[in-house]
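Structural characterization, general
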Amino acid sequence: MIPCARLAMNWNSLTGRRDDEAAAPATFYFEWRRRRRAVYAPRRTVSIPLLPTPAPPRGMPKSKSAATPRARPNVLITGTPGTGKTSLAERVAAACGMHHYDVSAVAKREDMCESFDEDLDTHVIDEDKVLDHMEEKLGASDGGIVADYHSCDLFPERWFDLVVVLTCDNSILYDRLAARGYAEAKITKNVECEIFQAIAEEARESYAEDVVRVCASETIEQMEANEASVKAFVDAFNDGVGGA
């Protein structure tokens, strides 16, 4: 898995372009993902309710459907590193009684990383191993998982009922990453990723429109509002809004 921080790397070797023909980092990122993506599971499903059902609250994705017969929803929280994914995932899991699945942490703990990028000081996960491991939990009918990761298009669409993309002002993101002790090159690449809104575009390309929600994550108040919004969705899903 190539991190967002590597947007601008290896484009020439991939396409055979000369240096003066190099494409924008965002273009490289999406082209790389399209070429790298393996067919792990059907990615696009069609939800057809058996009977007419009440519409979910405004701004909410539809809840239980024939395509997602889970007892509880699965939620993915994604975004550029430093936008607050893990913090929000932990808060949602605690508030809703769900299991938090930190993809990067699990990959490191379970020895599912294929390499370490010395230049960017980051582990590169083995996607096949990670997907197999996640299938055991997210592919089950129980649901109740809150996953967080800095990318989203490697996961089968059928796993998630809600995908939350966190965004952040570039200057705030820079300060957050600097406070983590990131090298300047790593900070720059991640800020570029946020400038291009790479993760938001990735989510829109990979999941149905009514499943994706893009949320600002710059202040404590916004984090609390995001937590309340996700909790409202989970509660509505659990209550059967949208047709259980």
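Counting restarts for each chain, with residues numbered from 1 along the sequence as it is written. Two thresholds apply to this predicted model, a pLDDT of at least 70 for residue-level local features and 80 or more for giving and counting side-chain atom pairs, whereas whole-chain, interface and lining totals are computed over all residues. With hydrogens and water stripped out, all remaining heavy atoms of the structure feed into the side-chain values.

Details of the nonpolar core
Our working definition: Think of a nonpolar core as a cluster: buried Ala, Val, Leu, Ile, Met, Phe, Trp, Tyr and Cys residues, connected wherever their side-chain atoms sit within 4.5 Å. Relative accessibility under 20% of the residue-type maximum defines a buried residue, over 50% an exposed one, and the middle range a partly exposed one, all with a 1.4 Å probe and only protein chains included. Contact criterion: two residues are considered in contact whenever any of their non-hydrogen atoms come within 4.5 Å of each other.
Within the largest apolar cluster, 29 residues are counted, with the highest numbers of intra-cluster contacts made by Leu-76, Met-134, Phe-155, Phe-160, Val-163 and Tyr-207. Residues in contact with Leu-76, not counting those within four places in the same chain, are Ala-147, Asp-148, Tyr-149, Cys-152, Phe-155, Phe-160, Leu-162, Val-163, Val-164 and Tyr-207. In terms of nonpolar packing, the next biggest core, distinct from the first, is built from 16 residues, Cys-96, Met-98, Val-164 and Leu-166 among them.

Observations regarding the packing of helix H3 (residues 85-96) against helix H9 (residues 220-238)
As a reminder of what qualifies: To obtain an axis, a line is fitted to C-alpha atoms, over the contacting stretch when the element is a helix, and the angle between two such axes runs from 0 to 180 degrees between their N-to-C directions. For the purposes of this entry, the term helix denotes a DSSP run of H or I that reaches at least four residues, the term strand denotes a run of E that reaches at least two, and both are numbered from the N terminus. To sort the angles, those under 35 degrees are grouped as roughly parallel, those over 145 as roughly antiparallel, those from 65 to 115 as roughly perpendicular, and the leftovers as oblique. Two helices cross in a left-handed way if the nearer one is turned anticlockwise from the farther one by less than a right angle. They cross in a right-handed way if the turn is clockwise. Classification convention: Asp, Glu, Lys, Arg as charged; Ala, Val, Leu, Ile, Met, Phe, Trp, Tyr, Cys, Pro as nonpolar; all other residues, Gly among them, as polar.
Viewed as axis vectors pointing N to C, H3 and H9 meet at an angle of 45°, and their least axial separation amounts to 10 Å. Judged by the inter-axis angle, H3 sits oblique to H9. Relative to H9, H3 is oriented so that their crossing is right-handed. Contacts from Ser-87, Leu-88, Arg-91, Val-92, Ala-95 and Cys-96 of H3 reach H9 at Met-223, Glu-224, Asn-226, Glu-227, Val-230, Lys-231 and Val-234. When the residues that make up the contact of H3 with H9 are grouped by side-chain class, the tally is 7 nonpolar, 2 polar and 4 charged.

A look at the packing of aromatic side chains
Using the following cut-off: Only Phe, Tyr and Trp rings are paired, with Trp represented by its six-membered ring, and only when their centres lie within 6.5 Å; those with planes under 30 degrees apart are stacked, over 60 edge-to-face, the remainder tilted. Each ring is checked for a lysine NZ or an arginine CZ that lies within 6 Å of its centre and within 35 degrees of its normal; such an atom marks a charge sitting over the ring.
On inspection of all chains with the given rule, the structure shows 5 aromatic pairs. With centroids separated by 6.1 Å and ring planes inclined at 35°, the aromatic side chains of Phe-155 and Trp-159 adopt a geometry described as tilted. Residue Phe-155 is classed as buried on the basis of its relative accessible area of 0%. With relative accessibility at 0%, the residue Trp-159 sits in the buried group. Here Trp-159 and Phe-160 contribute two aromatic rings whose centre-to-centre distance is 6.4 Å and whose plane-to-plane angle is 80°, an arrangement assigned as edge-to-face. These aromatic residues form a ring-pair network of at least three members: Tyr-149, Phe-155, Trp-159 and Phe-160. Geometry around Tyr-182 places Lys-186 over its ring, the cationic atom sitting 4.1 Å from the centre.

Structural notes on the side chain of Glu-194
Keep this limit in mind: Charged residues are defined here as Lys and Arg on the positive side and Asp and Glu on the negative side; His and the ends of the chain fall outside this count. Each salt bridge in this description consists of a side-chain nitrogen of Lys or Arg and a carboxyl oxygen of Asp or Glu lying within 4 Å of one another. Contacts described as polar in this section are N or O atom pairs within 3.5 Å, which, within protein, must combine one atom able to donate a hydrogen with one able to accept it, while residues neighboring in sequence count only if both atoms come from side chains.
Here Glu-194 is to be found in helix H7 (residues 184-195). Although buried, Glu-194 forms no salt bridge, and the nearest oppositely charged side chain, Arg-176, lies 8.5 Å from it. One polar contact links Glu-194 to Thr-80, side chain to side chain, over a distance of 2.6 Å. Excluding its chain neighbours within four sequence positions, the residues that come into contact with Glu-194 are Thr-80, Thr-83, Thr-167, Cys-168, Asn-170 and Leu-173.

Considering the environment of Arg-72
With respect to the helices and strands, Arg-72 occurs in the loop between helix H2 (25-36) and strand E1 (75-79). For the pair formed by Arg-72 and Asn-238, sequence separation is 166 residues and the distance between their alpha carbons is 5.9 Å. Residues contacting Arg-72, with those up to four places away along its chain left out, are Cys-96, Gly-97, Met-98, Asp-142, Gly-143, Gly-144, Asp-161, Phe-237 and Asn-238. A polar side-chain atom of Arg-72 sits 2.7 Å from the main-chain carbonyl oxygen of Cys-96.

Points about the side chain of Lys-186
Mapped onto the fold, Lys-186 is located in helix H7. One polar contact links the side chain of Lys-186 to the main-chain carbonyl oxygen of Leu-120, over a distance of 3.4 Å. Non-local contacts of Lys-186, meaning those with residues more than four positions away in its chain, are made with Leu-120, Asp-121 and Thr-122.

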